[in-house]
Amino acid sequence: MSKFIEMIETNEYLMAPAILIGFVLAALLVDLITVRVLLRMTRKTRTRLDDEVVLAMRRPLFFTVVFIGVWVAIGRLNPSQTTRFIIHALLITLAVLLWTVAATRITKTLLSNKARKTDGSKFVQARTVPLFEIGIKTILIGGAAYGIMLVWHVDVTAWLASAGILGIAIGFAAKDTLSNFFAGIFILADAPYKIGDFIILDSGERGRVTDIGIRSTRILTRDDIQIILPNAVIGNAKIVNETGGPHEKERVRVEVGVAYGSDIDKVREVLLGVAANSRHLLAEPKPIVRFSEFGDSSLNFQLMGWIDEPVLSGPAIDELNTAVYKRFAKEGIEIPFPQRDVHLLKD
């Protein structure tokens, strides 16, 4: 037995396969530990995050040990400098590709897990996960490509210079597109509005948000007209989000003036009666009436009540105006109109 071992140690062509077989057995042992020990431990936890991370690292760990064995075994054969360089670069390239794929998979798992949490980050949410995935994949693939070129002794200076010049040219040519792209990222991350919200633009348009894209945001008005707004424009505009508060309920108000000399207690009673009979106003919070001001020709009141959602504001105001006018006519409450006295002076 000792002679056999001595023969293997003195014969490179026997020693190299022996080393390779030893590292393959070590790789199988690492894989066994990964499956039998680590996975068994992670499956006892409440989350599947650690299971998926271990599974993503299983194959790269196995092949990394094998690649090391191949490199050590090749070294025993004393190959030429060129052969040694090619094998070394090839093994590192394969290892980098395997670990890049694993890192991409782990990153996707971490982002998805973070987005599913109710107390997750303000930026990492379900709608922003694809953006982070693209960005991280770009960094990982770019870093892997850079590392592989260095391993193969490729001069990257010219490549980086060309990429810089190309990037500047593309930036100038597509500045509007890039502006919309980054504005879209900030809108998705900051979430000033979401799909389904009712918003009012600073130009006066009002509608429901139907889509938030990387380049533009689309809203549908009450006239079923779709408005497409570039994100760069909407990112710098003043936006009123009618559904952006703690709930979708919204308060509407109807302003009405009555003649001087009217019984203000009766006016208040009539307005509250109109609110109580409304099909659109909610019972809670209760509608209220305010005597807002002394006008030039009238005593001005405000009837205010809550509706379930902003889309009902138009029908609610129409119903209240109609009911107030009819009740005032029935109760003999005068709604005055402005009057002016004109005095003519003779020479």
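Whatever comes next refers back to the structure up there.
Our subject in this report is the structure included herewith. (Residues numbered from 1 in each chain as written. Predicted model: local features only at pLDDT ≥ 70, side-chain atom pairs only at ≥ 80, totals over all residues. Heavy atoms only, no water.)

### Description of the overall build of the protein chain
Then comes step 1: When helices and strands are counted, the protein chain shows 10 helices and 8 strands.
Then comes step 2: Residues classed as buried in the protein chain amount to 30% of the 347 residues present.
Then comes step 3: When contacts within the protein chain are restricted to residue pairs at least 6 apart in sequence, long-range pairs at least 24 apart make up 63% of them.
Then comes step 4: Only carbon and sulfur atoms are counted for the fraction: they give 62% of the accessible area of the protein chain, which is about 22600 Å². (Helix = DSSP H or I, 4+ residues; strand = E, 2+ residues; numbered from the N terminus. Buried < 20%, exposed > 50% of the residue type's maximum accessible area, 1.4 Å probe, protein only. Contact = heavy atoms within 4.5 Å. Areas by Shrake-Rupley, 256 points an atom, 1.4 Å probe, with all protein chains shown as cover.)

### Here's the deal with the packing of helix α4 (residues 81-116) against helix α5 (residues 129-151)
Then comes step 1: Close contact between α4 and α5 brings their axes to 10 Å; oriented N to C, the two are set at 170 degrees. As the angle between them shows, α4 and α5 are arranged roughly antiparallel. As for how α4 packs across α5, the hand of that crossing is right-handed. (Axes fitted to C-alpha atoms, helices over the stretch in contact; angles between N-to-C directions. Parallel < 35°, antiparallel > 145°, perpendicular 65-115°, else oblique. Left-handed = near helix turned anticlockwise from the far one by under 90°.)

### Here we look at unusual backbone geometry
Then comes step 1: Across the junction of Glu284 and Pro285, the peptide omega takes the value -5 degrees, indicating a cis bond.
Then comes step 2: On the secondary structure map, Pro285 appears in the loop between α9 (264-276) and β7 (288-294).
Then comes step 3: Of note in this structure, His153 is not a glycine but carries a positive phi near 60 degrees.
Then comes step 4: Mapped onto the elements of the fold, His153 is located in the loop between α5 and α6 (157-173).
Then comes step 5: Phi at Asp224 is positive, roughly 60 degrees, even though this residue is not glycine.
Then comes step 6: Position of Asp224 relative to the elements: it lies in the loop between β3 (216-221) and β4 (226-230).
Then comes step 7: Asp224 sits in the exposed class, given a relative accessible area of 63%.

### Some points on the packing of aromatic side chains
Each aromatic ring pair is characterised by the separation of its centres together with the angle its planes make.
Then comes step 1: Scanning the entire structure with this criterion turns up 5 aromatic pairs.
Then comes step 2: Relative to Phe63, the ring of Phe62 has its centre 5.3 Å away and its plane inclined at 90 degrees; by these criteria the two rings are edge-to-face.
Then comes step 3: Plain terms: the ring middles of Phe63 and Phe67 are 6.1 Å apart, the flat faces sit at 40 degrees to each other, and that makes the pair tilted. Placement of the pair is Phe63 and Phe67 together in helix α3 (residues 49-76), with a separation of 4 residues, close to one helical turn.
Then comes step 4: Taking the relative accessible area as the measure of exposure, Phe63 reaches 32% and is therefore partly exposed.
Then comes step 5: Among the aromatic residues, those joined into a ring-pair cluster are Phe62, Phe63 and Phe67. (Phe/Tyr/Trp six-rings, centres within 6.5 Å; stacked < 30°, edge-to-face > 60°.)

### Digging into a nonpolar patch on the surface
Then comes step 1: Taken together, the side chains of Leu29, Leu32, Ile33, Val37, Leu38 and Met41 present a nonpolar region at the surface, about 520 Å² in accessible area.
Then comes step 2: Among the structural elements, Val37 can be located in helix α2 (residues 12-42). (Patch = residues over 30% accessible without salt bridge, like charges linked within 9 Å, V, L, I, M, F, W, Y side chains within 5 Å. Salt bridge = Lys/Arg side-chain N within 4 Å of Asp/Glu carboxyl O.)

### Quick look at the pattern of salt bridges
Then comes step 1: Inspection of every chain in the model, using the stated rule, returns 6 salt bridges.
Then comes step 2: Ionic pairing is found between Asp31 and Arg58, a salt bridge with its closest N-O pair at 2.7 Å. In this pair, Asp31 sits in helix α2 while Arg58 sits in helix α3, placing the two residues 27 residues apart along the sequence.
Then comes step 3: Relative accessible area serves as the criterion here: at 17%, Asp31 is assigned to the buried category.
Then comes step 4: Ionic pairing is found between Glu331 and Arg327, a salt bridge with its closest N-O pair at 3.5 Å. Linking Glu331 with Arg327, this pair stays in helix α10 (residues 313-331), spanning 4 residues, or about one helical turn.
Then comes step 5: Relative accessible area serves as the criterion here: at 26%, Arg327 is assigned to the partly exposed category.
Then comes step 6: Overlapping salt bridges, with partners in common, bring together Lys266, Arg327 and Glu331 in one network.

### Focus: empty space enclosed by the protein
Then comes step 1: Taken as a whole and assessed by the stated rule, the structure comprises 1 cavity of 30 Å³ or more.
Then comes step 2: Of the pockets and cavities examined, the largest cavity occupies roughly 40 Å³.
Then comes step 3: What lines the largest cavity is simply Thr104, Thr107, Lys108, Glu133, Ile136, Lys137 and Leu140.
Then comes step 4: Listed by contribution, the elements that provide at least two residues to the lining of the largest cavity are α4 and α5.
Then comes step 5: The biggest single contributor to the lining of the largest cavity is α5, with 4 residues. (1 Å grid on protein atoms, 1.4 Å probe; cavity = no way out; pocket = protein on both sides within 12 Å on 5 of 7 lines; lining within 4 Å. Points joined across faces, edges and corners; volume = space filled by probe spheres on them.)

### Quick look at the sheet that holds strand β5 (residues 240-241)
Then comes step 1: The strand order β4-β3-β2-β1-β5 describes an open sheet built from 5 strands, whose pairing is antiparallel. This sheet does not close on itself; its edge strands, each paired only once, are β4 and β5.
Then comes step 2: Two strands pair when backbone bridges link them, and β3 and β4 are joined in this way by 5 bridges, in the antiparallel orientation. The residue of β4 that forms the bridge with Ser216 is Pro230. (Pairing = 2+ DSSP bridges.)

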